[in-house]
Amino acid sequence: MFQKHSQIIPAPVSDIMRSAEAAARAIPPGFPLEATVAVNPFLGQTSESLALASARLMRVAGVRITRSPEDYVLSMQQDEITDADLTQALSASSDPQKPASVSALKEAVSMHGDDVTGPLPTIADLAAASTGIDWPSVIEKTVGLWAAGHFDKGQALWSPAPGLDVFAAWRAWAVHDLTPEIAGLAGFCAHVSNAPDTAERAILRASGAIGLIEAAAETAFHRLYMDLGGWSQHARWQLWQAEKEGRSDTALIGLLAIRLIWEEALLAHVPDIADAWARAVSAHAAPVEPSPGQVALAILQEAADRAHQRKLADALDGAGSAGSMAETGRPFLQAAFCIDVRSEVFRRALEGVESSIETIGFAGFFGLPIAHKAKGSDVSEAHLPVLLNAAIETTSHCAAAREHELRIAARTSRAWGRFRQAAVSSFAFIEAAGPLYAAKLVRDALGLGRNTQEPDPVPRIVGGLSAEAKTDTAQAVLKAMSLTGGHGDYVLLLGHGGHVTNNPHESAYHCGACGGYTGEVSARVLAALLNDPETRTGLAGRGIGIPDATRFIAGLHDTTTDRVTLYPDGLGIGREADLEKIETWLGQAGEAARAERSLKLPGSTPATVASRAFNWAEVRPEWGLAGCAAFIAAPRAATAGKDLGGRAFLHSYDWTADDGFATLELILTAPVVVASWISLQYYGSTVAPDVFGGGNKLIHNVVGGMGVVEGNGGVLRPGLPLQTVHDGERPVHEPLRLSVMIEAPREAIGDVLKRHPEVCALFDNGWLHLFALKDGKIEARYRPGLSWSACSEQSTEA
């Protein structure tokens, strides 16, 4: 019943499906709200340069992925970016289109810099222009309404067509959804009913009907995926999870089939747009190449990165204040923090309280690949980086009687919640029970609520570990932490999390290395392991002697309040005075950290910083990792006493104790990659908020427990909300690519990169910068192709 338009010869079957696969891989995964972790929004473009990725994303999404030309010009006028930075950036560029000089670069920005052309049109865009009906909006709302129910993770009371794959479930819905026909697309339900019964066949039929050729298919499909926003990213996450488990998932292909069926129907409905669509197909078939303006902006971004690296070079002058173990003696207290940039402020404050305190930086999951079941729950939580698979199962289940009480209470709470939200009872509930909530509303509105939940029982490893396994695990962790000797009387293992109220993105404030959960479980499990006499005996046999008097104590650093909760599990008696002293020091450090952070939080004072965690109307409880710009893996002496402004991930690393450079390899392939995802998510949410940002918190609605939409429906909004990176007047995050600085021999770093080409590509294509340190100073800059250039004194340039 629909006309078929195929003026262009369709591509062979295999080419179309290969293009669909390639387009799907260009989409970054979007993790659900329960365990939100930062994701590099350019994950599918890391094999390309910034300029080339800019051209691709302009074609498929209509966004610039650098700062605006005006921002760069302002930075140059304010001498934040100097002519020396521009000269170095221009020299570093290998693009044949680069300007010939700094003056030509400045002229190119003014002439071509803001060439935002918008994405190539879809058939829906062309049909909207022809008919005056906003077909993209109709598609967004109808697909969004269906997707919210299909992908629901327990928020909805019922789900349409449970158990069906994405395409089959949508067809079952769409054949009864009259919205498209009411909007003017007559016969759409019948068109869906007559569509092929599998996503692959539907893609092939629709691609032929709309005349896609092989050269055009990949970016045309990528364009449709970007049109679906966060729904594509959520489906990509499902594929990510499935492949980690050795499975596959068809949700992404199903979404592409859905979107193509809409395109097919609209082209048949509005045949006079066929010529315009043929021109769009031809444009998709053209090679993706950056424009002169995009090349110029990429060079300016390089100059901005180098401007910050200049400041780092000034700070890393080799004159750190921390002495060596031999110079200072055995410390009374060592405190191991997550490398999270927020810990940099607290570490500096704690060291300022008492000079004998030594702080350590390590990934917040403390090297333990844990899958954890909390008290009262059988849900397995992955407390580890999303790049890894869990290998240790832990639980905080209570004694049988208490566990039974908790589960009964949880079931009662769920039943009560469903009663309040049910289609009929919700109205009666509001009328009858609304006044009973008055006191709670007043308390929460005034920010007087407090978290009074009792802590979970001590987590334990299910089934336990053998003596050898305990020793193996402890040895690996201590080596990775560069903590095989010189242990203090007390060693704090401090995970972190952020307490917020009425914030669907709560897990984004927690520990990324713990998969979006707090670091409490990992810290407590490791402390118990390292205090275990059997573990210590095994370690001693391998040359790692921990003094009998040394005790490891777990804790949790609340990054919103800068308060630390200690868990002295099994500490024993006679240590109360020491514990009180440690808690006093932590309290003093918290006061100093809050005072420093209050200067950056709008409307905040040192006295009110902590209360933001309990204010249900606070859209900026803290700045999270905004401002992150550097990753430094070196002994603490390289950075001690340096005010890095809460902008650096600090990982303790002593290459002289790293036999075979296994720890170096771990750092480059795990913490560096995770930090790059965080950095680039903040970057993408700042420079392209409409595509890679999470939208406005004030109009967010949680959908299906997996994400948020703005208003009452539409596309899922991935990425960071506007208020996370913007203070209402200007961005608070400076979009820079992460500068990775490692104190280790260049040859060793290069050997690791050779073995991991996917990590090497991040540096070769400019998504990260890499420097080698020596004696706390920048020694050399990495160049694409596994080469290095020595840096001069007080400079990051060769």
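A brief report on the enclosed structure follows. (Residues numbered from 1 in each chain as written. Predicted model: local features only at pLDDT ≥ 70, side-chain atom pairs only at ≥ 80, totals over all residues. Heavy atoms only, no water.)

With respect to the pairing of strand E1 (residues 333-338)
Next up, step 1: Of all 6 residues in E1, 6 are buried, a share of seventy percent or more.
Next up, step 2: Judged from the 5 bridges that link them, E1 and strand E7 (residues 490-497) form a sheet pairing that is parallel. Each residue of the ladder has a partner; that of Leu333, found in E7, is Tyr490.
Next up, step 3: Across 5 bridges, E1 lies against strand E2 (residues 358-362) in parallel orientation. (Buried < 20%, exposed > 50% of the residue type's maximum accessible area, 1.4 Å probe, protein only. Helix = DSSP H or I, 4+ residues; strand = E, 2+ residues; numbered from the N terminus. Pairing = 2+ DSSP bridges.)

Considering the pattern of salt bridges
Next up, step 1: As enumerated under the stated definition, the model contains 39 salt bridges in all.
Next up, step 2: Of the charged contacts in the structure, one is a salt bridge between Asp227 and Arg223, with a shortest N-O distance of 3.5 Å. Pair noted here: Asp227 and Arg223 are both in helix H12 (residues 214-227), with a separation of 4 residues, about one helical turn.
Next up, step 3: Residue classification places Arg223 among the buried positions, given a relative accessible area of 6%.
Next up, step 4: Residue Lys470 pairs with Glu534 through a salt bridge whose shortest N-O separation is 2.9 Å. You can see Lys470 sitting in helix H22 (residues 467-480) and its partner Glu534 sitting in helix H24 (residues 533-540), a full 64 residues away along the chain.
Next up, step 5: Lys470 gets classed as buried once you look at its relative accessible area, which sits at 14%.
Next up, step 6: What makes Glu534 partly exposed here is its relative accessible area of 39%. (Salt bridge = Lys/Arg side-chain N within 4 Å of Asp/Glu carboxyl O.)

Here's the deal with the packing of helix H13 (residues 230-244) against helix H14 (residues 251-269)
Next up, step 1: Where H13 contacts H14, the axes come no closer than 8 Å and their chain directions differ by 150°. Here H13 is positioned roughly antiparallel relative to H14, judged by the angle of their axes. Contacts between H13 and H14 involve Trp231, Ser232, Ala235, Arg236, Gln238 and Leu239 from the first element and Ala251, Leu252 and Leu255 from the second.
Next up, step 2: Looking at the contact of H13 with H14, its residues break down into 6 nonpolar, 2 polar and 1 charged. (Axes fitted to C-alpha atoms, helices over the stretch in contact; angles between N-to-C directions. Parallel < 35°, antiparallel > 145°, perpendicular 65-115°, else oblique. Contact = heavy atoms within 4.5 Å. Nonpolar A, V, L, I, M, F, W, Y, C, P; charged D, E, K, R; others polar.)

Focus on the sheet that holds E1
Next up, step 1: Here 5 strands make up an open sheet; going across it, the order is E2-E1-E7-E8-E9 and the pairing mixed. Sheet topology places E2 and strand E9 (563-567) at the edges, where each strand pairs with a single neighbour. Taking each pair of neighbouring strands and ignoring which way they run, the sheet shows an average axis angle of 25°.
Next up, step 2: Strands in contact with helix H25 (residues 576-598) are E1, E7, strand E8 (551-558) and E9; relative to E9, the strand with the most contacts, it is inclined by about 155°.

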